[in-house]
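# Report on the structure
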Amino acid sequence: MLPYAAYLRVYEPLTAFTPQDQARWARYADSRDRPRRAGALEVEHGEAVRRLLSVPPLPAPERESPNAYLRRVEETLYVCPWQSRLRSWLAFASFRGSVPVKLASRFVPQAIAEQTADDFDRFKRGEQSLRTHIRTSTWHVPIAWFVPFDSAERWLVLGSEQPAEAGAQTTAAPPRNMLYVTSMAQARRRVARALVVIRRHVGQVAALTEVEEVGRWLEEFHPHSLVELDYGGLVHLMDDRTLQGDQSVAEVATALAGLDNGQEELAFAMYQRVILRWRSIRALESAN
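Reference entry: report on the structure contained in this document. Every value quoted in this text rests on a predicted model; they were computed, and no experiment measured them.

Time to look at the overall build of the protein chain. A tally of helices and strands in the protein chain yields 10 helices and 7 strands. Taking 2.2 N^0.38 as the reference for a compact globule, 288 residues should give roughly 19 Å; the C-alpha atoms of the protein chain span a radius of gyration of 20 Å, in line with that estimate. A burial count over the protein chain gives 42% of its 288 residues as buried. If you take every contact in the protein chain between residues at least 6 apart in sequence, the share linking residues at least 24 apart comes to 79%.

Written as structure tokens, this is what we have:
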């Protein structure tokens, strides 16, 4: 739940959930106390910060979040559960697996880390799936995340905010945001088409693996779901002109079309434009 993060979300129709969860999410949608969309990211981030600043720090919530992102299309309610506990467990397991034990213990005491791991193990024994409706990427948007969308699906709201210095605290500036939203059918179709093009013209490269991973993840959800790319806190690293000029989705689509049509120079130019844009933003992570 870091402030400079982007999110790839799946919203499933209410009918995709169990009868018990259908009733729960229907009540939730009618509640006046639930976090509204404009402030939901701030609420998520605040909860995470309070856990990590507590003594001792808590890598994961004691209970699963009761919250969700909601969308309504005509009469259909779509739900994207936060799953804060599961996502925290998965992130902490990845963290522990990527750093030495002695270094990890400087962030979370060994006893707390082991207890968190034990809690996760017990949870896994009782669950058939560790599927999460939300994927998070800090400091950049992965190139593969642009593939499921079309440039016409962009939803951009600009504000007067200037780009923040790296390390500074972001302040709420709703509704400044950049979103793409599409149907699951369209998302899967675009991913499948991209995989064919990459395999045919490029072969086994990192980009292929990343797009394959996105495709496998999308296949885990109801076919009538919605898919959303949210630039989230990354909008605080980009001024209005930069956001308005960001056409990453269109450029990735043009690169793929260029590959398929034999226009290698065009494909390379578009791909490099996206790579360089996000490399410059990602570099802010280590800026003073």
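Now that the structure is up, let's keep going.
Under the definition given, this model contains 9 aromatic pairs. Seen in terms of ring centroids, Tyr 69 and Trp 82 are 5.7 Å apart; in terms of plane orientation they differ by 40°. Their pairing is tilted. With Tyr 69 in strand E2 (residues 68-73) and Trp 82 in the loop between strand E3 (76-81) and helix H3 (84-98), this residue pair connects regions lying 13 residues apart in the sequence. Of the residues examined, Tyr 69 reaches a relative accessible area of 2% and is grouped as buried. Ring centres 6.1 Å apart and planes at 35° place the aromatic pair Phe 146 and Trp 278 in the tilted group. Of this pair, Phe 146 sits in the loop between strand E4 (134-138) and strand E5 (154-157) while Trp 278 sits in helix H10 (residues 264-282), and the two are 132 residues apart along the sequence.

Next up on the list: the packing of H3 against helix H5 (residues 110-126). It is the contact of H3 with H5, at a shortest axis distance of 10 Å, that shows an interaxial angle of 125°. Classified by the angle their axes make, H3 and H5 are oblique. For the pair H3 and H5, the crossing hand works out as left-handed. Touching Leu 86, Trp 89, Leu 90, Phe 92, Ala 93 and Arg 96 of H3 are Gln 110, Ala 113, Glu 114, Thr 116, Ala 117, Asp 119, Phe 120 and Phe 123, all from H5. Taken together, the residues of the contact of H3 with H5 break down into 9 nonpolar, 2 polar and 3 charged.

Ranked by size, the top nonpolar core spans 44 residues in total, and within it Val 141, Phe 146, Val 211, Leu 218, Leu 229, Tyr 231 and Trp 278 carry the most contacts. Those elements giving two or more residues to this core turn out to be strand E1 (5-13), strand E6 (177-183), helix H6 (184-201), helix H7 (206-218), strand E7 (226-230), helix H9 (248-260) and H10. At 7 residues, the largest contribution of residues to this core is made by H6. Other than its neighbours up to four places away in sequence, Leu 218 contacts Val 10, Pro 148, Met 184, Ala 187, Arg 188, Val 191 and Val 227.

For the rest of this paragraph, the subject is H6. Between its first and last C-alpha atoms H6 spans 26 Å; for 18 residues at 1.5 Å apiece the expected length is 26 Å, and the two agree. The complete set of buried residues in H6 reads Met 184, Ala 187, Arg 188, Arg 190, Val 191, Ala 194, Leu 195, Val 197 and Ile 198. Structurally, H6 contributes buried residues whose contacts are with E1, E6, H7, E7 and H9. Within two residues after H6, Gly 203 carries a phi angle of roughly 95°, on the positive side.

Reading guide: rules and limits
- Residues numbered from 1 in each chain as written.
- Predicted model: local features only at pLDDT ≥ 70, side-chain atom pairs only at ≥ 80, totals over all residues.
- Heavy atoms only, no water.
- Helix = DSSP H or I, 4+ residues; strand = E, 2+ residues; numbered from the N terminus.
- Rg over C-alpha atoms; globule rule 2.2 N^0.38 Å.
- Buried < 20%, exposed > 50% of the residue type's maximum accessible area, 1.4 Å probe, protein only.
- Contact = heavy atoms within 4.5 Å.
- Phe/Tyr/Trp six-rings, centres within 6.5 Å; stacked < 30°, edge-to-face > 60°.
- Axes fitted to C-alpha atoms, helices over the stretch in contact; angles between N-to-C directions.
- Parallel < 35°, antiparallel > 145°, perpendicular 65-115°, else oblique.
- Left-handed = near helix turned anticlockwise from the far one by under 90°.
- Nonpolar A, V, L, I, M, F, W, Y, C, P; charged D, E, K, R; others polar.
- Core = buried A, V, L, I, M, F, W, Y, C linked by side-chain atoms within 4.5 Å.
- Expected span 1.5 Å × (residues − 1).

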